[in-house]
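Each chain, letter by letter, is given below.
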Amino acid sequence: MSLVRDKDGKRLHVKSRLMGESLVSREFIDNLDIAPQERLYPDVAVLKIGGQSICDRGVKALPAILKEIVAIRRQYKMVLTTGGGTRSRHIYTIGLEMGMPTGIIAKFGSMISEQNALMVATLLSPWGGIKMAHSDIVKLPTYFAEGIIPVMHGMPPYDYFAIKPKTGRIPIHRTDVGLIILADLIGSRTIIFIKDEDGLFTADPKKHPDAEFIPEIGARDLMERDMDDLVIERPCLEIIQNSEVIDRVQIVNGMVPGNITRAMNGEHVGTVIYRQ
């Protein structure tokens, strides 16, 4: 790129398509010609181990799921992330009662998610499990060359800068969103939410046993349904729909032995949400 000096000679610019643009013009952004997004690590699968659905069950759920992950670790490169679960909801409650702003409440949730990441990484340590920070993403090639299973806490690093929601102060970008943002960043082709439910239903099946199972649906269609409850956080749908590299995500019941392996093999075993 060439250098351009202002007419008065005082300021020097790098000549580019963005020079002098405010970056808030809709027309400019809509017509900006950019290269397709590069998939950094398309062969790396990202899996989220649910906090409330899996981690909180402790020995009744977590060891069996980790055993299944260990069994396929040589076949697939995987990054695991963790939710916060019941403890995050507890600290959210206290924070709201004490009048804490959204950024502080988000930081609370991040700490709980990090505790679960430490627990999962420690349990996996005999097979190369390590707890990684968000800034360690660039080290993934080294980790996989050494046979490591990286585990990262799922809360996206907004923390104190979390965006206040329209209603209330509970951060809307939580651990499900963290997984989707990570998948979009690295260009993963395999994105799996490990829950204790078979996937998406028309209502919470724990509260409504007659709820209908939804095996497959587009992100835009799901947003338009505006359902009262969802199995994943709502902002995930917008991120999926706007992504250049995410084609689909799958929600599987990790309590069913073999489901994770089947999903990693490309089978449809839960609910698939795809970009339309």
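That block above? That's the structure.
Reading the values: rules and limits
Residues numbered from 1 in each chain as written. Predicted model: local features only at pLDDT ≥ 70, side-chain atom pairs only at ≥ 80, totals over all residues. Heavy atoms only, no water. 1 Å grid on protein atoms, 1.4 Å probe; cavity = no way out; pocket = protein on both sides within 12 Å on 5 of 7 lines; lining within 4 Å. Points joined across faces, edges and corners; volume = space filled by probe spheres on them. Helix = DSSP H or I, 4+ residues; strand = E, 2+ residues; numbered from the N terminus. Nonpolar A, V, L, I, M, F, W, Y, C, P; charged D, E, K, R; others polar. Disulfide = S-S within 2.5 Å. Buried < 20%, exposed > 50% of the residue type's maximum accessible area, 1.4 Å probe, protein only. Pairing = 2+ DSSP bridges. Contact = heavy atoms within 4.5 Å. Expected span 1.5 Å × (residues − 1). Patch = residues over 30% accessible without salt bridge, like charges linked within 9 Å, V, L, I, M, F, W, Y side chains within 5 Å. Areas by Shrake-Rupley, 256 points an atom, 1.4 Å probe, with all protein chains shown as cover. Salt bridge = Lys/Arg side-chain N within 4 Å of Asp/Glu carboxyl O.

## Some remarks on the layout of surface pockets
Okay, so step 1: If you add up the space inside the largest pocket, you get close to 1200 Å³.
Okay, so step 2: Within the residue set of the lining of the largest pocket, elements represented by two or more residues are α3 (86-97), α6 (175-186) and β8 (200-201).
Okay, so step 3: Here the lining of the largest pocket takes three residues from α3, the largest share from any one element.
Okay, so step 4: Looking at the lining of the largest pocket, its residues break down into 14 nonpolar, 14 polar and 14 charged.
Okay, so step 5: Estimates place the volume of the second largest pocket at around 160 Å³.
Okay, so step 6: Around the second largest pocket sit Arg73, Arg74, Tyr76, Lys77, Met78, Phe144, Gly147, Ile148 and Ile149, which together line it.
Okay, so step 7: Of the residues contributing to the lining of the second largest pocket, the split by class is five nonpolar, one polar and three charged.

## A closer look at the state of the cysteines
Okay, so step 1: Across all of its chains, the model carries zero disulfides by this definition.
Okay, so step 2: Cys236 provides the cysteine sulfur closest to Cys55, a residue in no disulfide bond, and the two sulfurs are 17 Å apart.
Okay, so step 3: Relative accessible area serves as the criterion here: at 5%, Cys55 is assigned to the buried category.

## Section: the pairing of strand β7 (residues 191-195)
Okay, so step 1: The buried fraction of β7 is high, at five of five residues.
Okay, so step 2: Because side chains alternate across β7, one face comprises the buried residues Ile191, Phe193 and Lys195, and the other comprises Ile192 and Ile194, equally buried.
Okay, so step 3: Pairing of strand β3 (residues 44-49) with β7 involves four bridges; the strand directions are parallel. Along β7, the bridge assignment pairs Ile49 with Ile194.

## A word on helix α8 (residues 235-242)
Okay, so step 1: Within the sequence span of α8, burial applies to Pro235, Cys236, Leu237, Ile240 and Gln241.
Okay, so step 2: Buried positions along α8 lie against α6, α7 (219-225), β11 (248-253) and β12 (271-274).

## Brief notes about the side chain of Lys195
Okay, so step 1: Inspection of the secondary structure puts Lys195 in strand β7.
Okay, so step 2: With residues up to four places along the chain from it excluded, the contact list for Lys195 reads Lys48, Ser53, Ile54, Asp176, Val231, Ile232, Ile251, Val252, Asn253, Gly254 and Met255.

## Some points on α6
Okay, so step 1: Taking 1.5 Å as the rise per residue, α6 with twelve residues should run 16 Å; its terminal C-alpha atoms sit 17 Å apart, in good agreement.
Okay, so step 2: Along α6, nine of the twelve residues are buried, which leaves the element largely enclosed by surrounding structure.
Okay, so step 3: Taken residue by residue, α6 has Thr175, Asp176, Val177, Gly178, Leu179, Ile180, Leu182, Ala183 and Ile186 as its buried positions.
Okay, so step 4: Remark: Gly187 follows α6 within two positions and exhibits a positive phi of approximately 75°.

## Observations regarding a nonpolar patch on the surface
Okay, so step 1: On the surface, a cluster of nonpolar side chains totalling about 290 Å² of accessible area is made up of Leu3, Leu12 and Val14.
Okay, so step 2: With respect to the helices and strands, the residue Val14 is situated in strand β2 (residues 12-14).
Okay, so step 3: Judged by its relative accessible area of 47%, Val14 falls in the partly exposed class.

Function cannot be inferred from these measures alone, as they are strictly geometric.
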